[in-house]
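Here is how the chains run, residue by residue.
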Amino acid sequence: MEFRLLGTVSVDTRTGPLPLGPAKRRSLLAALLLSANTPVPVARLTDSLWGEEPPPRARGVIQGHVSRLRALLTGAEAQAYGVELVTLGDAYVLRVPETLLDYQRFEELLMLARQQRSAADTVRMLDDALSLWQGPALGGTFTEGPLQAAAHTLEESRLATVEELARAYADLGEHHRAASVLRAEAVAHPMRESLAAALILALYRAGRQSEALDWFHRTRRLLADELGIDPGHELADAYALILRGGPRPGAAPAGGTDAAGASRAGTGPAEGAGTTAPPAPRVPAAHNPSVAPHPTDLLPRAPRGFHGRNAELAALTRAAAGEAPVCLVTGPAGVGKTSLALQWAHHNPAAFPDGRLFADLRGFSETGEPALIDVLREFLLALGVAPRRVPESVSAAAALFRSLTDRRRLLVVLDNARDSATVRALLPGGTDCVTLVTSRNRLEGLIASDAARPVPLGILEPQDGTALLAGVLGEERILAEPVAARRLAELCGGLPLALRVTAARLAGRPQWTLAGLADELADERGRLTFLDVDDTGVSAALRLTVQQLPADAVRQLARLGHHPGGHFDPYTCAALAGTDPAAAAAALERLGSAHLVTETAPGRWVLHDLVRLYARGLDPASGAEALVDVLDHYIATALAAADTAEPGGEPCFVLPEGYRPAAVRDFADRAAAMHWLATERDDLARAAVAARGAGLHDRAWRIILLQWPQVVWRVRDSWAPLLELALDSARAKQDLYAESRVLNLLGWVLTEEGRTAEALTLLERSPGLAQQAGDRLGEATALINLAVVQAGQGELDRALEGCGRAVVLAREEEDRHTEMLALQHLARLQLSAQRPGDALGSARTALALGPEHEEAARRSLLLAVSGEARLALGEEDEGILLLDRAAEEAEHAGYDEGAVRALEALLRVSARAEYRTRHALALRRLTDGG
């Protein structure tokens, strides 16, 4: 048995690798292996799997994955190797001999290699160590937070080992082999200066001086273009060594001055050098005899500190490959559209031998847009038209522009366009011309009329955001505080403009720490202020976008700033703005076209964090009213969902004082209602937290309690924290009805989680509270839940008595749902009391109360009880038939827990392979649900 972290996380056995399953489970295994033989708290595992925003059900998901890992290890006879996955209080420990861990063997081989006196022995040891690597460390996991840091540390150790191996080859005089080892890593890590320096020296000592110099200049250009920095001491010393011809006798200086001068003049990479640039190799016209110099170049300078965007650069290249293409870069304010366009344009001079034109159309500027005739005049003059021959009308100037560009290969960059009509007048006429347009609007008219090919631009990934900061501040400052740097990138929302403003603040204040500024930005009240500097900033950029919007869209945006959740739909927006869903949908489309909101799925939208803060400031006084409106919308929608999912299953409690419902969606069936409850769970939780924070306790507990169909359906899905919040709100309002109802649900959840002592304490109070509140059905539900716990504690007689009382109360209230629930639990208790005949009778009575198309989960449980009762009565065939039906109904309804329960009962009396397969599948679905 062998545990691998140096590559894809895996466990190899004699019969092959274990089927570890999803990435979350591999991540959990990796976290345990990195701290092998040491208890790892659940909190640290949660941080490794989800970072700073774990789902409410994180603990339950971890428990499920641990259970599955334990089963896999047991099945592979891991104990025979001394491997054991153990629970210790609130932590887990994976006990495993270090000899079974590939990263431990790697470290051991490194230590041994450093103790060797012979360079040849050192080479053999280091080769063996590197052969353990099968790919990037911790492959197949979610490498965020602690796991990302661990993967980075392992990768650093590997690269250092490669450099050690190259030094050992150099000691043997095998410089060609040293260069070969280093080249592959230098290509993969082009900005690691120590690798580049070692490769340059290896090439030089192998007699390949021109290659060494090419590699130096390639690296120097890359550092300047990507990070805006000069080579460090190590790289500069290697270059100087080559220039002064030592320590290799006979090496002459190799034109260093010319190479440096060419780089300053703007040359691209040497032929064969790797680059993310698009189609044609970058060859300056002055050095290429096939391309004559051309004065037509209006491009601003290339952006400094440009990072990432490889996918978008490639998309632009593909878009530009057509006939007379119009490429459309769209995205929100500050996302880096202009930088992307200029980066692409500057890396393609040879593709446009007739020149490159540029115009800032100032579509989102306080100074206003330039006159079209002025833009056309500048273009025509750049193309060689005499000033007196430039037409005075826009139409005539546009026609002349199209005529002059008809047979040219020209790039036209139109930056900051507000609408499609402006762009159309500036399109060149040649089929070999490329037009590159940037806009904060989607310009769908241009797509329709001129087949413009959109290249949407989103926010930067955290690693690219930190690289952008490093380009301004220097790598040393970022490496000194890597966690704070990543946090800054996240607080800036991946928005390049915000990142550049942040970097500018830090660059001018070397005494500031990154962590200190991150703490300042963490306060939402002042974040936008910190992200403005001089006349540049996020607020200013957003203001220029918003001022182009109609009043109804601005009002909608302002109200969205007060939305407590992460997603919204037209119904939620209508509630916030006091309009109808159709008007809200139209406003969302307008905001989406301006890239102020983003549609992540049909009818489901999100707001960038910085846009949300700006929107909140548009109308701060409306915050309290907007919150009440959206809370009441959630209450109304959750009521509709609960009534559709479980019709008649819960009496409609009195609505809160001042309740103002807006338009509510219709749910076609139970599946649609349950889907809404599942997808909106996080936002409903955020709404409840916001309600409690605003003192709206009467709304907080209602929003939580109305999710009961989903709680019942996925009871082991970490609902306790949310229900505890509801309990606090119910007690804050001194509402006995609410307190009793929440205690009922919370007690049952705790029971299912195995926290029976806590559940018993809560549930013993619930019947009395319900009685005081006059809630007879709540009293019946409380008695049922209390009976379940009492039975688990061995108090079967008291449990039977309580369940019997619940049946009576439900019948007196003529509530079939509660009576069916009470009979279901009574049947289970009677079965436990060795009274299978009574259990069968109770189950039959309960089944007769509910139509077959309703209560899918409950029907499955009742059929399972009936089947087990039949088996206890000696009627095996009938029992197996009923249990099979119970499993099928549960599987059909997606009730995996019920399917597992029924199939486990079947497997106790039948060895059919079909049951074993179905049980394994249901168990896997249940475990992988998180």
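This text follows the structure it describes.
Everything numeric here is computed off the predicted structure, so don't read it as measured data. (Residues numbered from 1 in each chain as written. Predicted model: local features only at pLDDT ≥ 70, side-chain atom pairs only at ≥ 80, totals over all residues. Heavy atoms only, no water.)

Engineer: Lay out the environment of Ala 922 in plain terms, naming residues and giving numbers.
Structural biologist: Looking at where Ala 922 falls in the secondary structure, it is placed in helix α45 (residues 913-927). The class of Ala 922 is buried, set by a relative accessible area of 0%. Once the C-alpha coordinates of Ala 922 and Gly 894 are considered, the two residues, 28 residues apart in sequence, prove to be 9.3 Å apart. For Ala 922, the contacting residues outside a window of four places in its chain are Asp 896, Ala 899 and Val 900. (Helix = DSSP H or I, 4+ residues; strand = E, 2+ residues; numbered from the N terminus. Buried < 20%, exposed > 50% of the residue type's maximum accessible area, 1.4 Å probe, protein only. Contact = heavy atoms within 4.5 Å.)

Engineer: Please provide a residue-by-residue account of the sheet that holds strand β2 (residues 10-13), values included.
Structural biologist: Taken together, three strands build an open sheet; the order of strands is β1-β2-β3 and the sheet is antiparallel. Either end of the sheet is taken by a strand with one partner, and the two such strands are β1 (2-4) and β3 (16-17). Summarising the sheet, β1 and β2 pair through three bridges and their orientation is antiparallel. In the sheet register, Phe 3 faces β2, and the bridge partner there is Val 11. (Pairing = 2+ DSSP bridges.)

Engineer: Which residues make up the environment of Asp 877, and what are the values?
Structural biologist: Mapped onto the secondary structure, Asp 877 falls in helix α43 (residues 876-893). Placed 10 residues apart in sequence, Asp 877 and Gly 867 show a C-alpha to C-alpha distance of 9.4 Å.

Engineer: Outline the packing of helix α31 (residues 681-693) against helix α34 (residues 720-732), listing residues and values.
Structural biologist: Look at α31 against α34: their axes get within 11 Å of each other, and the N-to-C directions meet at 30°. Regarding the angle of α31 to α34, the classification is roughly parallel. Considering how the two elements wind past one another, α31 and α34 form a crossing that is left-handed. Residues Ala 685, Ala 688, Val 689 and Arg 692 of α31 touch α34, and the partners they reach there are Leu 722, Leu 725, Asp 728 and Ser 729. Of the residues assigned to the contact of α31 with α34, the class counts are five nonpolar, one polar and two charged. (Axes fitted to C-alpha atoms, helices over the stretch in contact; angles between N-to-C directions. Parallel < 35°, antiparallel > 145°, perpendicular 65-115°, else oblique. Left-handed = near helix turned anticlockwise from the far one by under 90°. Nonpolar A, V, L, I, M, F, W, Y, C, P; charged D, E, K, R; others polar.)

Engineer: I'd like a rundown of unusual backbone geometry, residues and numbers included.
Structural biologist: Notably, Asn 416 is not glycine yet its phi reads approximately 65°, a positive angle. Within the secondary structure, Asn 416 is located in the loop between β9 (411-415) and α16 (420-424). You can call Asn 416 buried: its relative accessible area is 19%. A positive phi angle, near 55°, is found at Glu 814, a position not held by glycine. Locating Glu 814 in the fold gives a position in the loop between α39 (796-812) and α40 (816-832).

Engineer: Before we move on, could you go through helix α3 (residues 58-75) and cite the residues and values that matter?
Structural biologist: Over its 18 residues, α3 runs 26 Å from end to end, which matches the ideal 26 Å to within 8%, given 1.5 Å per residue. Contact partners of the buried residues in α3: β1, α1 (23-34), α2 (42-50), β5 (84-88), β6 (91-95) and α45. Downstream of α3 by one or two residues, Glu 77 has phi in the positive range, about 55°. (Expected span 1.5 Å × (residues − 1).)

Engineer: Run through the sheet that holds strand β4 (residues 40-41), naming residues and quoting values.
Structural biologist: A sheet is described by the order of its strands in space; here three strands give the open sequence β4-β6-β5, paired in antiparallel fashion. The open sheet has two free edges, formed respectively by β4 and β5, since each of these has just one partner strand. Of the strand pairs in this sheet, β5 and β6 are connected by five bridges, and their pairing is antiparallel. Within the sheet, the bridge partner assigned to Thr 87 lies in β6 and is Tyr 92. Contacts from α1 reach β4, β5 and β6, with the element oriented near 70° to β6. Most of the contacts of α3 go to β5, to which it runs at about 145°, and overall it touches β5 and β6.

Engineer: So what's going on with the pattern of salt bridges? Residues and values would help.
Structural biologist: The tally for this structure, following the rule as stated, stands at 55 salt bridges. For Glu 753, the salt bridge goes to Arg 755, with nearest N and O atoms at 3.1 Å. Residue classification places Glu 753 among the partly exposed residues on the basis of a relative accessible area of 31%. Of the charged contacts in the structure, one is a salt bridge between Arg 870 and Glu 875, with a shortest N-O distance of 2.5 Å. Note on Arg 870: relative accessible area 16%, which makes it buried. Among the ionic contacts, a cluster of salt bridges with common partners joins Asp 884, Glu 891, Arg 912, Glu 914 and Arg 918. (Salt bridge = Lys/Arg side-chain N within 4 Å of Asp/Glu carboxyl O.)

None of the figures reported here should be taken as evidence of function without further support.
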